[in-house]
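Topology and contacts: notes
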Amino acid sequence: DVKVTQSSRYLVKRTGEKVFLECVQDMDHENMFWYRQDPGLGLRLIYFSYDVKMKEKGDIPEGYSVSREKKERFSLILESASTNQTSMYLCASSLIAGGDGELFFGEGSRLTVL
Amino acid sequence: AQKITQTQPGMFVQEKEAVTLDCTYDTSDPSYGLFWYKQPSSGEMIFLIYQGSYDQQNATEGRYSLNFQKARKSANLVISASQLGDSAMYFCAMRWGQAGTALIFGKGTTLSVSS
């Protein structure tokens, strides 16, 4: 089975802190994604990566950056956390681009910024 | 711009009844794929079913079927014989283009199944 592991299920940070959310997948998938999920807004794409060291902005990249130094690992970085970044963050991966390649999701990281 | 719309914030159904969750989409690209995911209260995202834009037949997976009406740009999920374990949030999503990788998601519909 594909496994997407997010390093922290729950985090509490203070405004202005730098926050790292780590995601690792074990199935050699090319594509990895970061979404945030908020009530009433569904899932919104922050960034995605289709190869090592490659990244593409999603719909809401402001305030975030990403890093993909190894194929299996995709990190989301909040350079200076703000209260409006309190949310559930979901990492996902997929094997192929296009077609019926489903996304496999991690369990999510719930971030609270105080 | 691509868009996914789920207009039902919440749906209520009794066990063993069928339920339809609505999804409409908007894209000018002729090549796209439509997905449905289930998110129980535990938070995991579970892939349910896929429909490609060129597929001639509606997709089915067990109790799940996708009512694909291309001209109306709708991709409704039909769950037959609802079970208590079907209570969850359901998301419709779309991938677009031949080389598309990411999915865009609707806002979700919460389904509550009662006994």
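Residues numbered from 1 in each chain as written. Chains lettered and ligands numbered in written order. Predicted model: local features only at pLDDT ≥ 70, side-chain atom pairs only at ≥ 80, totals over all residues. Heavy atoms only, no water.

Some details on the overall build of chain A
Stated formally: Secondary structure elements are taken from DSSP: a helix is a run of H or I of four residues or more, a strand is a run of E of two residues or more, and numbering for both begins at the N terminus. As a reference, a globule follows 2.2 Å times the number of residues to the power 0.38, and the radius of gyration itself is taken over C-alpha atoms. Note on exposure labels: buried denotes an accessible area under 20% of the residue type's maximum, exposed denotes more than 50%, and partly exposed covers the range between, all computed with a 1.4 Å probe on protein chains only. Note on definitions: a residue-residue contact is assigned when non-hydrogen atoms from the two residues lie within 4.5 Å.
Scanning chain A from terminus to terminus reveals zero helices and 11 strands. Written out in order from the N terminus, the α and β elements of chain A read β-β-β-β-β-β-β-β-β-β-β. Here the C-alpha atoms of chain A give a radius of gyration of 13 Å, agreeing with the 13 Å that 2.2 N^0.38 yields for 114 residues. By its C-alpha atoms, chain A is 40 × 30 × 25 Å across when sized along the principal axes. Across the 114 residues in chain A, those meeting the buried criterion constitute 46%. Taking all contacts inside chain A whose residues are at least 6 apart in sequence as the whole, residues at least 24 apart take part in 56%.

Points about the interface of chain A and chain B
Inclusion rule: A simple way to read buried area is as the amount of 1.4 Å-probe accessible surface that goes missing from two parts once joined, with both sides added. By the criterion applied in these results, polar contacts are pairs of N or O atoms within 3.5 Å in which, for protein atoms, one can donate a hydrogen and the other can accept it, and in which residues neighboring in sequence qualify only through two side-chain atoms. Each residue receives one of three labels: charged for Asp, Glu, Lys and Arg, nonpolar for Ala, Val, Leu, Ile, Met, Phe, Trp, Tyr, Cys and Pro, and polar for the others, Gly being one of them.
Listed per partner, the contact involves 22 residues of chain A and 19 residues of chain B. Both faces considered, chain A and chain B share a buried interface measuring about 1600 Å² in area, 58% of it formed by carbon and sulfur atoms. Among the residues chain A hides against chain B, the three largest losses belong to Leu 43, Glu 102 and Phe 105 of chain A. Together they make up 25% of the total. Here chain A and chain B share three residue pairs in polar contact (both at pLDDT 80 or more) between them. Those elements that provide at least two residues to the side of chain A that touches chain B are strand S4 (31-38), strand S5 (42-49) and strand S9 (87-94) of chain A. Split into classes, the residues belonging to the side of chain A that touches chain B amount to 10 nonpolar, eight polar and four charged.

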